[in-house]
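# Residue-level structural notes
Chain by chain, the residues run as shown.
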Amino acid sequence: MIRKAFKMKLFSNKVQEYTQRHNPICPELEDTLKKHGVTNYSIFLDSDTDTLFGYAEIESEEKWNAIAETTICKKWWAYLANLMDTHDNNSPVSKELNSVFFIS
């Protein structure tokens, strides 16, 4: 199991809409994540900066990266593109975070 953490940036007036679009999350996307070995996936919000903090446990980097090539992921990115900083292909601009402490 690999622990991944990353941050993304929401547009300041889009927090409520972002939250609503994730509750509930698209069942097809949830299924795709699970089939690609993703577990314990959470997204947290720093409301002072509108920064999202994502945490996921994954089976492998290869499976994690393959999610980006799925049709449902590309649709999901397009669905969220007007709410956050994105690249030209609608994927969220994200910064991977390095672990400095862990207790189990």
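Report on the accompanying structure. (Residues numbered from 1 in each chain as written. Predicted model: local features only at pLDDT ≥ 70, side-chain atom pairs only at ≥ 80, totals over all residues. Heavy atoms only, no water.)

A separate point is unusual backbone geometry. With an omega of 0°, the peptide bond between Asn-23 and Pro-24 qualifies as cis. In this model, Asp-50 sits at a positive phi of 55°, which is unusual for a non-glycine residue. For Asp-50, the position within the fold is in the loop between strand E2 (38–46) and strand E3 (51–58). Take Asp-50: its relative accessible area is 12%, and that puts it in the buried class. (Helix = DSSP H or I, 4+ residues; strand = E, 2+ residues; numbered from the N terminus. Buried < 20%, exposed > 50% of the residue type's maximum accessible area, 1.4 Å probe, protein only.)

Positionally, Asn-40 belongs in strand E2. The spatial distance from the C-alpha of Asn-40 to the C-alpha of Val-93 is 21 Å, given a sequence separation of 53 residues. When sequence neighbours within four positions are dropped, the list of residues in contact with Asn-40 reads Tyr-55, Ala-56 and Glu-57. Polar contacts involving the side chain of Asn-40 include one to the side chain of Glu-57, which spans 2.6 Å. (Contact = heavy atoms within 4.5 Å. Polar contact = N/O pair within 3.5 Å; in protein donor to acceptor, adjacent residues only side chain to side chain.)

With that settled, consider the nonpolar core. Counting 20 residues, the largest nonpolar core has Leu-10, Tyr-18, Val-38, Trp-64 and Met-84 as its most contacted members. Those elements that place two or more of their residues in this core are strand E1 (2–9), helix H1 (15–21), helix H2 (27–35), E3 and helix H4 (71–80). At five residues, the largest contribution of residues to this core is made by H4. In this structure Leu-10 touches Val-15, Tyr-18, Leu-45, Asp-50, Leu-52, Leu-83 and Met-84, once residues within four positions along its chain are discounted. (Core = buried A, V, L, I, M, F, W, Y, C linked by side-chain atoms within 4.5 Å.)

This part covers the packing of H2 against H4. The geometry of H2 relative to H4 is characterised by a closest axis approach of 9 Å and an angle of 130° between their N-to-C directions. Taken together, the axis directions place H2 and H4 in an arrangement best described as oblique. Once H2 is placed against H4, the crossing between them reads as left-handed. Residue-level contacts link Glu-28, Leu-29 and Thr-32 of H2 to Ile-72, Cys-73 and Trp-76 of H4. Partitioned by chemical class, the residues of the contact of H2 with H4 number four nonpolar, one polar and one charged. (Axes fitted to C-alpha atoms, helices over the stretch in contact; angles between N-to-C directions. Parallel < 35°, antiparallel > 145°, perpendicular 65-115°, else oblique. Left-handed = near helix turned anticlockwise from the far one by under 90°. Nonpolar A, V, L, I, M, F, W, Y, C, P; charged D, E, K, R; others polar.)

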